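Summary of structural features
In case you want the letters, here they are:
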Amino acid sequence: MRRISIFGATGSVGANGVDLIRRAGGPDAYHTVALTGGRNIGRLAQMARDLRAEIAVTAHPELLDDLRAALAGSGVEAAAGPQALVEAASRPADWVLSSIVGAAGLMPGLTALAQGGILALANKESLVCAGPLLRHAATTSGSRILPVDSEHSAIFQALGSEKLESVKDVTITASGGAFRDWPLERLAAATVAEASTHPNWAMGQRITIDSASMFNKAMEVIEAKEFFGLRSDQIKVLVHPESIIHAMVSHVDGGSIAHLGAPDMRHAIGYALHWPDRAPLPVAPLDLAALGSLTFRAPDEVRWPALRLAREVMAAGGMAGAVFNAAKEQALDDFIAGRIGFTQMAPRVEMTLQALSARDGFGHDPADLETVLHWDREARKEAAA
């Protein structure tokens, strides 16, 4: 029986992963090692009971008693806090879904890689902050990293067995988020509630706001460079409001291969779960006749300056990715808390990158995880409102 763990099980990606495991037979088909979550203790406990997990972990130590009470009589072990997350990740598993949002997912992901199984990576921050560390960990242990972001899964599938040398460029698509059609002069007054509504995808608040600001797509551009070994000039972004084409690979002979599908995260998760095979998934089939047409437009970097910053981060290399992510997370925190406006996030990130770029070591790849965490802390302090 295949052993699986899901980190970030109560978030949108993790919950879809749990849904697929349940549909595929649940505890009769998979041995669930660990499930982790945040503050939604009731949901985490119910998932752990349903899948008969060995251990359930909340990231918040003050909620341990609540988790224990919710799991009473189930036989599922309860634990809490960052060290408990790492301990859960160190338990051998054949397949681990890493869907913790933010830099908090980096340490559990690295720990899981050391076990030698498959890391299904939805935590884009890991590759953005510490791509060389993850690649080294996978090589050392013989692990395999599979992409779970819909765009990177699409690239992975469209590439197939093609040689990287045959690739001219790749295009990842963006819905444009909540504000794609707003007049530019309205953006400064955009509220948190308005930024938290996505036209196509059902996602958590933070990633939905990141979609509206295009910081999510900027992260995916950097992730594509790290994951596939592409040059920054080979990665293009196209605004595609329907979210049907997720990515396209164009080759040197002029041909292009695109991946199409309904905007449903269960496709990318299910593909990674069953890889190298394919299995039936509860995803709506594509009906192009019903869609009628697909539309595209070039992204406006005045509206979405995060895309320009992503190119600057890739050009800088070294610790720029870790600084970019931390500053972005801090700016997002401040926007949600009402301390800064929507259009102030990108300038805050840019100022943080400029301020820290002069420090020793900024241009060097991380030697270890502590180096990444050091730059993460420094960037958050610099970016704080």
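Keep in mind that this is a model prediction, so the values were computed, not measured. Every residue gets a number counted from 1 within its own chain, in the order that chain's sequence is written. A pLDDT threshold of at least 70 governs which residues receive local features in this predicted model, and a stricter bar of 80 or more applies before side-chain atom pairs are shown or counted, although totals over entire chains, interfaces and linings include all residues. Excluded from the side-chain calculation are hydrogens and water; included are all heavy atoms of the structure.

1. Remarks on the overall build of the chain
Put simply, DSSP marks the helices as runs of H or I at least four residues long and the strands as runs of E at least two long, and each gets a number from the N terminus on. The helix and strand inventory of the chain stands at 16 helices and 11 strands. The globule rule is 2.2 Å times the number of residues to the power 0.38, and the radius of gyration it is compared with is taken over C-alpha atoms. In summary, the chain has a C-alpha radius of gyration of 20 Å against a globular reference of 21 Å for 385 residues, a match within 12%. When the backbone C-alpha atoms are referred to their principal axes, the chain occupies close to 55 × 50 × 40 Å. In the chain, 67% of the contacts between residues at least 6 apart in sequence involve partners at least 24 apart. We call two residues contacting when some pair of their heavy atoms lies within 4.5 Å.

2. Considerations on the nonpolar core
Within the largest apolar cluster, 125 residues are counted, with the highest numbers of intra-cluster contacts made by Leu-35, Trp-95, Leu-134, Val-148, Phe-324, Met-345 and Val-372. At nine residues, the largest contribution of residues to this core is made by helix α14 (residues 320-336). The residues contacting Trp-95, other than those within four sequence positions of it, are Arg-2, Arg-3, Ile-4, Ser-5, Ile-118, Ala-120, Ile-269, Ala-272 and Leu-273. What makes a nonpolar core is a set of buried Ala, Val, Leu, Ile, Met, Phe, Trp, Tyr and Cys residues whose side-chain atoms join them at distances within 4.5 Å. Only protein chains enter the area calculation, which uses a 1.4 Å probe; residues under 20% of their type maximum are buried, those over 50% are exposed, and those in between are partly exposed.

3. Points about the packing of aromatic side chains
Each aromatic pair joins two rings of Phe, Tyr and Trp (for Trp, the six-membered one) with centres within 6.5 Å, and gets the label stacked for planes under 30 degrees apart, edge-to-face for over 60, and tilted for any other angle. Counting across every chain of the model gives eight aromatic pairs. Ring centres of Phe-179 and Phe-342 lie 5.0 Å apart, and the angle between their planes is 90 degrees; this geometry places the pair in the edge-to-face category. Here the residue Phe-179 occupies a position in the loop between β8 (167-174) and α8 (192-195), and Phe-342 occupies one in the loop between α14 and α15 (345-356), the gap between them amounting to 163 residues. Residue class for Phe-179 comes out buried when judged on its relative accessible area of 1%. Overall, the relative accessible area of 6% leaves Phe-342 in the buried class. Ring geometry for Phe-335 versus Phe-342: centroids 5.7 Å apart, planes at 70 degrees, classification edge-to-face. Phe-342 matches Phe-335 in its accessibility class, with the two residues each being buried. Over a ring means this: the NZ of a Lys or the CZ of an Arg is within 6 Å of the ring centre and within 35 degrees of the ring normal. Between Arg-186 and the ring centre of Trp-182, over which it is positioned, the NZ or CZ distance is 3.8 Å.

4. Description of the sheet that holds strand β9 (residues 235-239)
Following DSSP output, two strands are said to pair if at least two bridges run between them. Read across the sheet, four strands follow the order β9-β8-β10-β11 without closing on themselves; strand pairing throughout is mixed. Single-partner strands in this sheet number two, and they are β9 and β11 (256-260). Here the strands of the sheet are splayed against their neighbours by 20 degrees on average, with no regard to which way each runs. As judged from the five bridges shared by β8 and β9, these two strands associate in the parallel manner. Each bridged residue has a counterpart across the sheet, and for Ile-172 the counterpart in β9 is Val-237. Interaxial angle, 0 to 180 degrees, is taken between N-to-C directions of lines fitted to C-alpha atoms, where a helix line uses only the stretch in contact. Sheet contacts for helix α7 (residues 150-159): β8, β10 (245-251) and β11; angle to β10, the most-contacted strand, approximately 40 degrees.

5. Considering the packing of α7 against helix α10 (residues 215-228)
Two elements in contact, α7 and α10, have axes separated by 10 Å at closest approach and are oriented at 35 degrees. The two elements α7 and α10 meet at a crossing, and its hand is right-handed. Counted together, Glu-151, His-152, Ile-155, Phe-156 and Leu-159 of α7 and Lys-217, Glu-220, Glu-223, Ala-224, Phe-227 and Phe-228 of α10 form the full contact between these two elements. Throughout, the ten residues Ala, Val, Leu, Ile, Met, Phe, Trp, Tyr, Cys and Pro are labelled nonpolar, Asp, Glu, Lys and Arg are labelled charged, and all others, Gly among them, are labelled polar. A breakdown of the residues in the contact of α7 with α10 according to their chemical character gives six nonpolar, one polar and four charged. Two helices that cross are described as forming a left-handed crossing if the nearer one is turned anticlockwise from the farther one by less than a right angle, and a right-handed crossing if clockwise.

6. So, the pairing of strand β5 (residues 95-98)
Of the two faces of β5, the one lined by Trp-95 and Leu-97 and the one lined by Val-96 and Ser-98 are each fully buried. With four bridges joining them, strand β1 (residues 2-7) and β5 adopt parallel strand pairing. Of the residues in β5, the one forming a bridge with Ser-5 is Val-96. Summarising the sheet, β5 and strand β6 (residues 118-121) pair through four bridges and their orientation is parallel. Its bridge partner lying in β6, Trp-95 is registered against Ile-118. A clockwise course of the path from the first strand over the helix to the second, judged with the strands pointing away from the viewer, identifies a crossover as right-handed. Crossover handedness for the path β5 to helix α5 (residues 106-113) to β6: right-handed.

7. Some remarks on the pattern of salt bridges
Put simply, a salt bridge is a Lys or Arg side-chain nitrogen that is within 4 Å of an Asp or Glu carboxyl oxygen. What the rule picks out here adds up to 32 salt bridges. For Glu-301, the salt bridge is made with Arg-311, and the minimal N-O distance between the two is 2.6 Å. Of the two residues, Glu-301 sits in the loop between α12 (288-291) and α13 (306-316) while Arg-311 sits in helix α13, which places them 10 residues apart along the sequence. What makes Glu-301 partly exposed here is its relative accessible area of 31%. You can call Arg-311 partly exposed: its relative accessible area is 42%. Arg-359 is the salt-bridge partner of Glu-382, the closest N and O atoms lying 3.9 Å from each other. Here Glu-382 is found in helix α16 (residues 369-383), whereas its partner Arg-359 is found in the loop between α15 and α16, with 23 residues between them in sequence. Taken together, the shared-partner salt bridges connect Asp-19, Arg-23, Asp-264 and Arg-266 into one network.

8. A word on the UniProt feature "domain: 1-deoxy-D-xylulose 5-phosphate reductoisomerase N-terminal" (unreviewed entry) in the chain
Cross-referencing UniProt, the feature "domain: 1-deoxy-D-xylulose 5-phosphate reductoisomerase N-terminal" (unreviewed entry) maps to residues 4-131 in the present numbering. Helix makes up 42% of residues 4-131 and strand makes up 22%, while its end C-alpha atoms are separated by 23 Å. UniProt positions are given in the numbering used here, feature names are shortened, and annotations may be inferred rather than shown by experiment.

9. Brief notes about the UniProt feature "binding site: 1-deoxy-D-xylulose 5-phosphate" (unreviewed entry) in the chain
According to UniProt, the positions carrying the feature "binding site: 1-deoxy-D-xylulose 5-phosphate" (unreviewed entry) are Lys-124, Ser-150, Glu-151, Ser-175, His-198, Ser-211, Asn-216, Lys-217 and Glu-220. Look past the residues within four positions of Lys-124 in its chain and what remains in contact with it is Asp-149, Ile-207, Asn-216, Met-219, Glu-220 and Glu-223. Looking at the element boundaries, Ser-211 is found in helix α9 (residues 205-213). Those residues within four positions of Ser-211 in sequence are excluded, and the remaining contacts are Ser-175, Gly-176, Gly-177, His-198, Met-203 and Asn-216.

10. Regarding helix α6 (residues 124-141)
Residue count minus one, scaled by 1.5 Å, sets the expected span of a helix. For α6, spanning 18 residues, the distance from its first C-alpha to its last is only 21 Å, which falls clearly below the expected 26 Å at 1.5 Å a residue. All of the buried residues in α6 are Lys-124, Glu-125, Ser-126, Leu-127, Val-128, Cys-129, Ala-130, Gly-131, Leu-133, Leu-134, Ala-137 and Ala-138. Backbone geometry just downstream of α6 places Gly-142 in the positive-phi region, at approximately 80 degrees.

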